[in-house]
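Observations on the three-dimensional arrangement
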Amino acid sequence: MTSAPGKVRTVLGDIAPADLGVCDAHDHLFLRSPQLPGQELESAGAAAEELAEFRAAGGRGLVQWTPHGMGRRAELLPELSRATGVRIVAATGLHQAVHYVPESLERLRTGGLAELFFRELTEGIADSGVRAGLIKVAGGFHGLDDHARWTMTAAAEAHHATGAPIAVHLELGTAALDVLDLLCGELAVPPHRVILGHLNRFPDLGLHQQAAEAGVFLAFDGPSRTHHATDWRMPDAVRSLADAGFGDRLLLGGDTTTAGARSVRGGPGMPYLLRGMRPRLESAVGEELTQRILTLNAARAFGVEWA
Ligand SMILES: [Zn+2]
């Protein structure tokens, strides 16, 4: 396997990208949102058990896309990583406004958002000493509101100062091209530093191809969610992109967002990525490409020449 340049910034320090191993490129050990009352991912014990299950299924690396202010519990991540042997990457960034109480956004508006992202990437999250390895932001449904433009502008600024990748939650997989126009056009972020999440929720294969042609990474993530009507389209979408020559732009993730979705609570959880999704993909695009997506592609997406 060809190696990827740079370093991946994990919660235990910077590592060679190849050391990420088989990687869940988008998931959550901890998450809290007013949109998901009663379903908070906040139990350290459940997170440890889930991570151990993921490791037993062959997982070696995990990227948590939980941004600032949503209960990341950064201070717990180093010990979880040490105890399970799974490399963990934490995020800075900001989600859609609906995931916050208005007062906390007001504080961020006056406090300097790009500076906050920069500090979390270079010094650490709060006083945990844990540095973030990516910036997570979010688009809206078929468009970008003022909040999305504000957070993406700050993310681009923090990217230009550090090199950090920017991972984007696309609302139901929409507004991909609007995000590219803003981030890569107006704000001049190199396309290979942008990861678009949730395109699987909007299985327009032509649109996927257009995004891939722009040079971004496409994350097919979310099989750990229940009631997900488009999961069965994922292997075809991945095959279509691979056939068009974009196998090196693809990422896979579980995106566990609720306590009930954890495997240790009876849901598909993190192990499903490797026990359910991987064999399904292997039958669609072969073992070699599936393995490359889980290892080398993740190494390239999160390996950064940190400034
Ligand atoms: Zn997510």
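Residues numbered from 1 in each chain as written. Predicted model: local features only at pLDDT ≥ 70, side-chain atom pairs only at ≥ 80, totals over all residues.

In the nomenclature of an unreviewed UniProt entry, the protein is known as Phosphotriesterase of Streptomyces alboniger. Under the UniProt heading Sequence similarities (unreviewed entry), the entry covering the protein gives this text: "Belongs to the metallo-dependent hydrolases superfamily. Phosphotriesterase family." (UniProt positions renumbered as here; feature names shortened; annotations may be inferred.)

So, on to the overall build of the protein. A tally of regular secondary structure across the protein gives 10 helices and 11 strands. Dimensions of the protein, computed from C-alpha atoms along their principal axes, come out at roughly 50 × 40 × 40 Å. Across the 307 residues of the protein, 52% fall into the buried class. Long-range contacts, defined here as pairs at least 24 residues apart, represent 78% of the contacts in the protein between residues at least 6 apart. (Helix = DSSP H or I, 4+ residues; strand = E, 2+ residues; numbered from the N terminus. Buried ≥ 20, exposed ≤ 12 C-beta atoms within 10 Å, placed from the backbone. Contact = placed C-beta atoms within 7 Å.)

Under the UniProt annotation, the feature "binding site: Zn(2+) 1" (unreviewed entry) is placed at His26, His28, Lys136 and Asp255. A maximum C-alpha distance of 13.4 Å places the annotated residues, which cover 230 residues in sequence, within one compact spot. Those residues within four positions of His28 in sequence are excluded, and the remaining contacts are Leu41, Gln64, Trp65, Thr66, Thr256 and Thr257. Within the secondary structure, Lys136 is located in strand β7 (residues 134-138). Contacts of Lys136, omitting those with residues within four sequence positions, involve Trp65, Pro67, Ala91, Gly93, Ala167 and His169.

In terms of nonpolar packing, the biggest core is built from 90 residues, with Ala90, Val168, Ile195, Leu196, Leu218 and Leu251 touching the most fellow members. By residue number, the principal contributor to this core is helix α10 (residues 287-302), which donates 7 residues. If we ignore the near neighbours within four places in the chain, the residues touching Leu196 are Val168, Leu170, Ala176, Val179, Ala211, Val216, Leu218 and Ala219. (Core = buried A, V, L, I, M, F, W, Y, C linked by C-beta atoms within 7 Å.)

Consecutive side chains along a regular strand alternate between the two faces of the sheet. With 5 of its 5 residues buried, strand β10 (residues 217-221) lies for the most part within the structure. A two-sided burial pattern is seen for β10, the buried positions comprising Phe217, Ala219 and Asp221 on one face and Leu218 and Phe220 on the other. Bridge count for strand β9 (residues 194-197) against β10 is 3 bridges, and the pairing is parallel. Note on β10: the bridge partner recorded for Gly197 is Ala219. Crossover handedness for the path β9 to helix α7 (residues 205-214) to β10: right-handed. Bridging between β10 and strand β11 (residues 250-253) involves 4 bridges; their strand directions are parallel. Counted as the bridge partner of Leu218 is Leu250 from β11. (Pairing = 2+ DSSP bridges. Right-handed = clockwise from strand over helix to strand, strands pointing away.)

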